[in-house]
Amino acid sequence: MTDKTIIKKIRQVKYIISILACLVLMSSLWLYFNLPDVAYLVKANHKTTAFMELRKAQAEVKNKQYRLKQTWVNFETIPALLKKAIRITEDSSFYAHKGVDWFELQASIKKNMKAGRFARGGSTISQQLAKNIYLSTDKSLFRKFKELFITYRLEKALSKDRIFHIYLNVIEFGPGVFGVQAASRYHFNKDVDNLNLAEIVRLTAVIPRPLSISASAESSRLKWKSRWILNKLKIYKYITEEKYNAVIYEFK
């Protein structure tokens, strides 16, 4: 291959890369300017979410009755310990990152590649909120890009407490059960501000698999996750050794 041929090939590759870069940039700009405006969420509570509508559609396909159970509660009403338990379980760096935890994401990618399957998620609370309110559950690259853009919009428009507040009121805890207040009523027949430590741990343990795990059940999965959460609460010094010992026996 002559020098002229090599130079020509290099120019062709550069040209292709430039075209691809332009396409990516144009797609990103189109995506960004066609995203939902999230500013209204500063004060307004979202009445429904894409995820709620998805569950409703799934029930209709199976000819099953679907009854949405959700009650909004103020951020201050939700027990501080429940907020801490959910945060250290779902996104321990929530108040430190700007929407995406790149270290956690990198660790998740490595684990998933090693396992050869989707074994670990790396989504932050902000990303989960973006997906729940506006997007589908498919794992396409395009959907992931939309999720990232919406996440950054949420982080720019809302305070961290407001993002967490909305999240706590819309996440799924059971069949048709969304938000911590409805979950408390559904699983324990009490308001969220009356939950004790064991109930807080049980409710938090349900989050990854809300349709296959019940907070009032005694499954091995629930007990394992509850022990993990209790240990984290103790490590972070959110509970004392005495409180830990008083509750851990429930999950043996």
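Because the structure is predicted, anything quoted here is derived from the model rather than measured.

1. Re the nonpolar core
Leu-154, Tyr-167, Phe-173, Val-180 and Leu-230 are the most contacted members of the largest nonpolar core, which has 56 residues in total. In terms of residues, this core owes the most to one element, helix α9 (residues 197-206), which gives seven residues. If we skip the residues at most four places from it in the chain, Tyr-167 touches Ile-86, Glu-90, Ile-125, Gln-128, Leu-129 and Ile-207.

2. A closer look at the packing of helix α3 (residues 80-90) against helix α10 (residues 220-235)
Contact geometry for α3 and α10: axes closest at 10 Å, N-to-C directions at 105 degrees. Put simply, α3 runs roughly perpendicular to α10. Contacts from Leu-81, Ala-85, Ile-88 and Thr-89 in α3 reach Lys-225, Trp-228, Ile-229, Lys-232 and Leu-233 in α10. Looking at the contact of α3 with α10 residue by residue, the class counts come to six nonpolar, one polar and two charged.

3. Side note on the confidence of the model for the protein chain
Here the protein chain shows a mean pLDDT of 84. Residues at 70 or above account for 78%. Of all the helices and strands in the protein chain, helix α1 (residues 3-33) carries the lowest mean pLDDT, 50, while helix α7 (residues 160-170) carries the highest, 98. Predicted confidence is poor over residues 18-30, with pLDDT under 50, and the contacts of this stretch with residues over four places away or in other chains come to two contacts.

4. Let's talk about helix α5 (residues 125-134)
Turn by turn, an α-helix covers 3.6 residues, leaving residues three or four places apart pointing in a common direction. The element α5 is extensively covered by neighbouring structure, given that eight of its 10 residues are classed as buried. Every buried residue belonging to α5 is among Ile-125, Ser-126, Gln-127, Gln-128, Leu-129, Ala-130, Asn-132 and Ile-133, and all of these are buried. Tucked into the core, α5 has its buried residues touching α2 (50-61), α3, α6 (141-157) and α7.

5. Some remarks on the packing of α3 against α7
Orientation of α3 relative to α7, taken along the N-to-C sense of each, is 95 degrees, at an axis distance of 12 Å. Between α3 and α7, the angle is such that the two are roughly perpendicular. Between α3 and α7, the residues in contact are Lys-83, Ile-86, Arg-87 and Glu-90 and Phe-164, Tyr-167 and Leu-168, respectively. Residue composition of the contact of α3 with α7, by class: four nonpolar, no polar and three charged.

6. A look at the pattern of salt bridges
Any two side chains of opposite charge can pair, given that their charged atoms come close. Overall, the coordinates contain nine salt bridges when judged by the stated rule. Measuring nitrogen to oxygen at the nearest pair gives 4.0 Å for the salt bridge that ties Glu-218 to Lys-223. The class of Glu-218 is partly exposed, set by a relative accessible area of 47%. The salt bridge partner of Lys-234 is Glu-241, with a shortest N-O separation of 3.8 Å.

7. Side note on α7
Burial analysis of α7 places 10 of its 11 residues in the buried class, which makes it a mostly covered element. For α7, the full list of buried residues reads Lys-160, Arg-162, Ile-163, Phe-164, His-165, Ile-166, Tyr-167, Leu-168, Asn-169 and Val-170.

8. A short note on the packing of aromatic side chains
Inspection of every chain in the model, using the stated rule, returns six aromatic pairs. With a centroid separation of 6.1 Å and 65 degrees between ring planes, the pair formed by Phe-75 and Phe-164 is classed as edge-to-face. In this pair, Phe-75 is assigned in the loop between α2 and α3 and Phe-164 in helix α7, connecting sequence segments 89 residues apart. The class of Phe-75 is buried, set by a relative accessible area of 13%. Ring centres of Phe-94 and Tyr-95 lie 4.9 Å apart, and the angle between their planes is 75 degrees; on these two criteria the pair is classed as edge-to-face. Residue class for Tyr-95 comes out partly exposed when judged on its relative accessible area of 39%. Taken together, the ring pairs connect Phe-75, Phe-94, Tyr-95, Phe-164 and Tyr-167 into an aromatic cluster. Of note, Lys-83 hangs over the ring of Phe-75, and the distance from its end group to the ring centre comes to 3.7 Å. The positively charged end of Lys-160 is found above the aromatic ring belonging to Phe-94, 4.4 Å away from the centroid.

9. A closer look at the environment of Ser-184
Mapped onto the secondary structure, Ser-184 falls in helix α8 (residues 180-188). You can call Ser-184 buried: its relative accessible area is 0%. Each C-alpha atom, one on Ser-184 and one on Glu-199, is 8.5 Å from the other, the two residues being 15 residues apart in sequence. Contact partners of Ser-184, with chain neighbours within four places excluded, come to Asn-189, Lys-190, Asp-191, Val-192, Leu-195 and Leu-203.

10. A word on the environment of Tyr-167
Note that Tyr-167 resides in helix α7. Classification of Tyr-167 by relative accessible area gives buried; the value is 0%. Spatially, the C-alpha atoms of Tyr-167 and Ile-125 are 7.2 Å apart, while their sequence positions differ by 42 residues.

Parameters and conventions
Residues numbered from 1 in each chain as written. Predicted model: local features only at pLDDT ≥ 70, side-chain atom pairs only at ≥ 80, totals over all residues. Heavy atoms only, no water. Core = buried A, V, L, I, M, F, W, Y, C linked by side-chain atoms within 4.5 Å. Buried < 20%, exposed > 50% of the residue type's maximum accessible area, 1.4 Å probe, protein only. Helix = DSSP H or I, 4+ residues; strand = E, 2+ residues; numbered from the N terminus. Contact = heavy atoms within 4.5 Å. Axes fitted to C-alpha atoms, helices over the stretch in contact; angles between N-to-C directions. Parallel < 35°, antiparallel > 145°, perpendicular 65-115°, else oblique. Nonpolar A, V, L, I, M, F, W, Y, C, P; charged D, E, K, R; others polar. pLDDT = per-residue confidence, 0-100. Salt bridge = Lys/Arg side-chain N within 4 Å of Asp/Glu carboxyl O. Phe/Tyr/Trp six-rings, centres within 6.5 Å; stacked < 30°, edge-to-face > 60°. Lys NZ or Arg CZ within 6 Å of the ring centre and 35° of its normal.

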